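Each chain, letter by letter, is given below.
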Amino acid sequence: MKLFVLLALFGLSVAQHNPHLRQGRTSIVHLFEWRWADIAEECERFLGPNGFGGVQISPPNEHIVLGSPWRPWWQRYQPISYNLCSRSGSESELRDMITRCNNVGVNIYVDAVINHMCGAGGGEGTHSSCGSWFNAGTKDFPSVPYSNLDFNDYKCRTSSGNIENYSDKYQVRDCRLVSLLDLALEKDFVRDKVADFMNKLIDMGVAGFRVDAVKHMWPGDLDAVSRRLHNLNSKWFPDDAKPFIFQEVIDLGGEAISAPEYFHLGRVTEFKYGAKLGTVFRKWNNEKLCYTRNWGEGWGFMPNGNALVFIDNHDNQRGHGAGGAAILTFWDPRLYKMSVGFMLAHPYGVTRVMSSFHWDRHFVNGKDQNDWMGPPSHGNGSTKPVPIKPDQTCGDGWVCEHRWRQIKNMVIFRNVVNGQPFTNWWDNNSNQVAFGRGNRGFIVFNNDDWDLNMTLSTGLPGGVYCDVISGQKEGNACTGKQIHVGSDGRAHFFISNKDEDPFVAIHVDAKL
Ligand code: QV4
Ligand code: CA
């Protein structure tokens, strides 16, 4: 009987670790600050056809609107209500996007901000994305409705009311994160409101949630919310499918709260991944690419089945959150493409690709003064659409890393090698490495300051393959390097350290 209960609990929790990706798809892309109308188009014209599995969207609920024309991107992390109108669009646009993306096999994951409402200094009025009245001073949010009874201040013991010390877990969970009004998730009323919000989205067809600021909430409270959640909409998902939950917990070690406290509730963001891989590709701290032979759990990362991995996110690409200067971003395109390629080729974790907008970086004493800048916008503060140029890249300040040929092709690579083991490792004791994924794909990196010139065992069937980094297979032609794999599975690779992208990737779907 006990065993049965244990198994049942285990089954329940494991369900929330499954992203329910469809048709052999494997990766999620974060379309940071995109409008719903643009995401719907992108699902149909690009993400669906190129094998992307899902989109993490920016918070869809009503948020504070700050200044004119200031409007920092982070205003969306200050909820005013759970009405579904935001900087990205209206509820009907949101619903249309979810339907259209689902219909082409692309899942939607919602960024759920449920730890807090707006900052204590957010004032009074209707400066909110749906125009709802609120008063941050008296903690009144009538369109939820929350009142001052629904916040944690009575439990917080710091004099400022803010989190002052991350080695005190009570502060971290019961006090205000940078003054954000902290919700009393121990109350059934608050749990019900949060679950209603998430259930509305589940019923609309989303596949799960990136839960914001999870370190700042008690696992027991999250469990109570999670038990209230509906199964996914059976129009697109299997019966009894639970929403995929991935929790933002920054755990680089050394704090009172650690990632394993949340493993039973869903996956957890593995922030060590990008911080370490950035250090390796930058060759800082005497790191070398050859040390990644045991990449994953061997590097002290969380168990594979718990991890959601990424090179950078919307915080640490601009100095917020964790990871510091080691984090690679689109600002360092050569190393960035290599590290994203490495991540997508490697079997560890559920992978998330970042898609950003440009902003005017302006460093003073090492700090970017413009780390607040919001998405490309019109004069009235509304977000600009994402125009697609004839060469398929994006215009108007949208970076669209996910459309870069090398990254898009590695998303496809991951689908092609899905389920295959990590095989045929080779390294030169320095920064040249290669590995395969069973008999489906093979990748070679040269991050040394000299050429790579080697014959390697690929594990692939003999034939001519098109490198999907320097080009790609188009019809029966190859626009990049061609790699000849012998009947013994061996192939010769030459990668100059001066190549635009000093890595090569081949897979069975790019065989000529
Ligand atoms: C400031 C001061 C406070 C002061 C207050 C007075 O810092 O000490 O009390 O003014 O009014 C913004 C401002 C911040 C301001 C705050 C409240 O940057 O200076 O406080 O608003 O007005 C994003 C941004 C934050 C932003 C927040 C809310 O990164 O800068 O704060 O949105 O708009 C930790 C957490 C982790 C978190 C990470 C950034 O453990 O959970 O920090 N990451 C997530 C999101 C992130 C988001 C939040 C959490 C909050 O990924 O984007 O913060 O929802 O590591
Ligand atoms: Ca809290």
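Residues numbered from 1 in each chain as written. Chains lettered and ligands numbered in written order. Predicted model: local features only at pLDDT ≥ 70, side-chain atom pairs only at ≥ 80, totals over all residues. Heavy atoms only, no water.

If you look the protein chain up in an unreviewed UniProt entry, it shows as Alpha-amylase from Cynoglossus semilaevis. In the Sequence similarities (unreviewed entry) part of its UniProt record, the protein chain is described as follows: "Belongs to the glycosyl hydrolase 13 family." Here the protein chain is described in UniProt, under the heading Catalytic activity (unreviewed entry), as follows: "Endohydrolysis of (1->4)-alpha-D-glucosidic linkages in polysaccharides containing three or more (1->4)-alpha-linked D-glucose units." (UniProt positions renumbered as here; feature names shortened; annotations may be inferred.)

### Structural notes on the nonpolar core
Counting 136 residues, the largest nonpolar core has I39, V55, M97, F141, Y146, F209 and F445 as its most contacted members. Looking at this core element by element, the count peaks at eight residues for helix α5 (residues 188–204). Leave out the neighbours within four places in its chain, and M97 touches W36, I39, A40, I57 and I108. (Core = buried A, V, L, I, M, F, W, Y, C linked by side-chain atoms within 4.5 Å. Buried < 20%, exposed > 50% of the residue type's maximum accessible area, 1.4 Å probe, protein only. Helix = DSSP H or I, 4+ residues; strand = E, 2+ residues; numbered from the N terminus. Contact = heavy atoms within 4.5 Å.)

### A closer look at the sheet that holds strand β9 (residues 244–247)
Taken in spatial order, the eight strands line up as β1-β2-β3-β8-β9-β10-β11-β12 and close into a barrel, and their pairing is parallel. Shown here is a sheet whose adjacent strand axes are inclined to one another by a mean of 30 degrees, direction ignored. As defined by bridge partners, strand β3 (residues 107–112) adjoins strand β8 (residues 208–211) across four bridges and the pair is classed as parallel. Opposite A112, over in β8, you have V211 as the bridge partner. Across the sheet, helix α2 (residues 36–47) touches β1 (27–31), β2 (54–57) and β3, and the angle it forms with β2 is around 165 degrees. (Pairing = 2+ DSSP bridges. Axes fitted to C-alpha atoms, helices over the stretch in contact; angles between N-to-C directions.)

### Some remarks on the environment of D221
Mapped onto the secondary structure, D221 falls in helix α6 (residues 219–227). A relative accessible area of 9% places D221 in the buried class. Along the backbone, D221 and S27 are 194 residues apart, and their C-alpha atoms lie at a distance of 29 Å.

### So, the UniProt feature "domain: Alpha-amylase C-terminal" (unreviewed entry) in the protein chain
According to UniProt, the positions carrying the feature "domain: Alpha-amylase C-terminal" (unreviewed entry) are residues 423–511. Within the segment residues 423–511, helix and strand shares are 0% and 52% respectively, and the terminal C-alpha atoms sit 19 Å apart.

### Re the packing of α5 against α6
Where α5 meets α6, the axes come as close as 9 Å, and the angle between the chain directions of the two elements is 50 degrees. Taken as axis vectors, α5 and α6 run oblique relative to one another. Of the two elements, α5 crosses α6, and the hand of that crossing is right-handed. Along the contact surface, α5 presents R191, V194, A195 and M198, while α6 presents G220, D221, A224 and V225. Per-class residue counts for the contact of α5 with α6 are five nonpolar, one polar and two charged. (Parallel < 35°, antiparallel > 145°, perpendicular 65-115°, else oblique. Left-handed = near helix turned anticlockwise from the far one by under 90°. Nonpolar A, V, L, I, M, F, W, Y, C, P; charged D, E, K, R; others polar.)

### Here's the deal with the state of the cysteines
Two cysteines joined by a covalent bond between their sulfur atoms form a disulfide. According to the stated counting rule, one finds five disulfides in the structure shown. At a sulfur-sulfur separation of 1.9 Å, the disulfide partner of C85 is C130. Between C85 and C130 the sulfur-sulfur dihedral comes to about 125 degrees; the bridge is accordingly right-handed. With C85 in the loop between β2 and α3 (91–103) and C130 in the loop between β5 (124–125) and β6 (134–135), this pair connects stretches of sequence that are 45 residues apart. Should the bonded cysteines of the protein chain be numbered as they appear in the sequence, the pairing reads 1-3, 2-4, 5-6, 7-8, 9-10. (Disulfide = S-S within 2.5 Å.)

### A few points about the coordination of the calcium ion (ligand 2)
Here the calcium ion (ligand 2) is held by N115 (OD1), R173 (O), D182 (OD), D182 (OD) and H216 (O), and the distances to it run 2.4 to 2.6 Å. Each donor residue of the calcium ion (ligand 2) belongs to the same chain, with the gaps between them written as N-x57-R-x8-D-x33-H. One end of the pair, N115, is in the loop between β3 and β4 (116–119); the other, R173, is in helix α4 (residues 169–174), with 58 residues separating them in the sequence. Taking the relative accessible area as the measure of exposure, N115 reaches 1% and is therefore buried. Among the residues examined, R173 registers a relative accessible area of 2% and is labelled buried. (Donors = N, O, S within 2.8 Å, 3.2 Å for Na, K, Ca; no water.)

### Some thoughts on the site of ligand 1
For ligand 1, the set of nearby residues contains 20 residues, the closest of which are W74, D212, H216, E248 and D315. Looking at side-chain class alone, the shell around ligand 1 contains eight nonpolar, eight polar and four charged residues. (Near = heavy atom within 4 Å.)

### Considerations on the pairing of β9
Burial of the side chains of β9 extends over both faces: F244 and F246 are buried on one face and I245 and Q247 on the other. Judged from the four bridges that link them, β8 and β9 form a sheet pairing that is parallel. Counted as the bridge partner of R210 is F246 from β9. Read as a crossover between parallel neighbours, the route from β8 over α6 to β9 is right-handed. Bridge analysis of β9 against strand β10 (residues 267–269) gives two bridges, and the strand direction is parallel. The residue bridging F246 from the neighbouring strand is R267, located in β10. (Right-handed = clockwise from strand over helix to strand, strands pointing away.)

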